Amino acid sequence: MKLKLDFDPDLVGMLQAEIKAGEHAVTAAMKEAGADLKQAWRAQITGAGLGHRLPRTIRNRTYPQGKDSIDAAAFVWSKAPEILNAHDKGVLIRSKLGFYLAIPTEAAGKGRGGARLTPGEWERRRGMRLRFIYRRNGPSLLVAEKARINTRGTAVASRSKTGRGQVTAPIFLLVPQVKLRKRLDLARDAEKVAGSVPGLIVEKWKDEK
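Just so you know, these numbers come straight off a predicted model, no measurement behind them.

All told, the structure shown has two aromatic pairs when counted by the stated rule. Taken together, a centroid distance of 5.0 Å and an interplanar angle of 15° make the contact between F75 and W77 stacked. Taking the relative accessible area as the measure of exposure, F75 reaches 42% and is therefore partly exposed. Judged by centre distance (6.3 Å) and plane angle (35°), the ring pair of Y100 and F132 falls under tilted.

To continue, consider the pattern of salt bridges. In total, this model carries five salt bridges according to the counting rule given. When the shortest N-O distance is used, the salt bridge between D88 and K182 registers 3.6 Å. In this pair, D88 sits in helix 2 (residues 81-89) while K182 sits in the loop between strand 9 (177-179) and helix 4 (186-208), placing the two residues 94 residues apart along the sequence.

Moving on: the layout of surface pockets. Taken as a whole, the largest pocket holds about 1000 Å³ of empty space. Residue lining of the largest pocket: 26 residues in total, with I83, H87, G114, A115 and R116 positioned closest to the centre. For the lining of the largest pocket, the elements supplying multiple residues, two or more each, are helix 2 and strand 4 (101-104). Of all the elements, strand 4 adds the most residues to the lining of the largest pocket, at four residues. Looking at side-chain class alone, the lining of the largest pocket contains 15 nonpolar, seven polar and four charged residues.

Moving on to the side chain of D189. Tracing the sequence through the fold places D189 in helix 4. Beyond its immediate stretch of four places on either side in the chain, D189 contacts L37, A40, W41 and Q44.

Cut-offs applied
Residues numbered from 1 in each chain as written. Predicted model: local features only at pLDDT ≥ 70, side-chain atom pairs only at ≥ 80, totals over all residues. Heavy atoms only, no water. Phe/Tyr/Trp six-rings, centres within 6.5 Å; stacked < 30°, edge-to-face > 60°. Buried < 20%, exposed > 50% of the residue type's maximum accessible area, 1.4 Å probe, protein only. Salt bridge = Lys/Arg side-chain N within 4 Å of Asp/Glu carboxyl O. Helix = DSSP H or I, 4+ residues; strand = E, 2+ residues; numbered from the N terminus. 1 Å grid on protein atoms, 1.4 Å probe; cavity = no way out; pocket = protein on both sides within 12 Å on 5 of 7 lines; lining within 4 Å. Points joined across faces, edges and corners; volume = space filled by probe spheres on them. Nonpolar A, V, L, I, M, F, W, Y, C, P; charged D, E, K, R; others polar. Contact = heavy atoms within 4.5 Å.

Structural measurements only, silent on function.
Listed below in structure tokens is the structure:
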């Protein structure tokens, strides 16, 4: 025995339109949620005083790309995950080879684009040798001798033949490890945006009607 089912063409059309509206609503909601989370993370990183380069590493993308789907998803990530994770978790940093970590002082100055200099880079750029000073209490030092401090507070080679104005300037503090304090709470923003998704879907769905 065969059964023949007849469907109302108008009803079928309405169902198809509703499915398309749902696909578009979910996709639009995930695009907005992804953009909101990217902006929230960037604002939090900037507000934590971590500069302006790290916030720009935050990216977002919606999948599937180029079409609507009821299963649409937003992906938000950083192009510098190790750095971001260190500030989000508050990790303990040690040298992989068991050496000291060199922490530049204000007198060290900056490299290109405001980057921190390593001791080797500092010596090449300044044309000066650094001397190691061991201290039992407190961090040991790498110092520049016969240097002068310019108007920017940076140690540079002194050209004085009399020794006037010359100083021995601490350029790097040497420590066995550094504990980064937790400065970010990325999960907080992610949870807040995730909680807004159902409302966004309903809002976008209503706009389709």
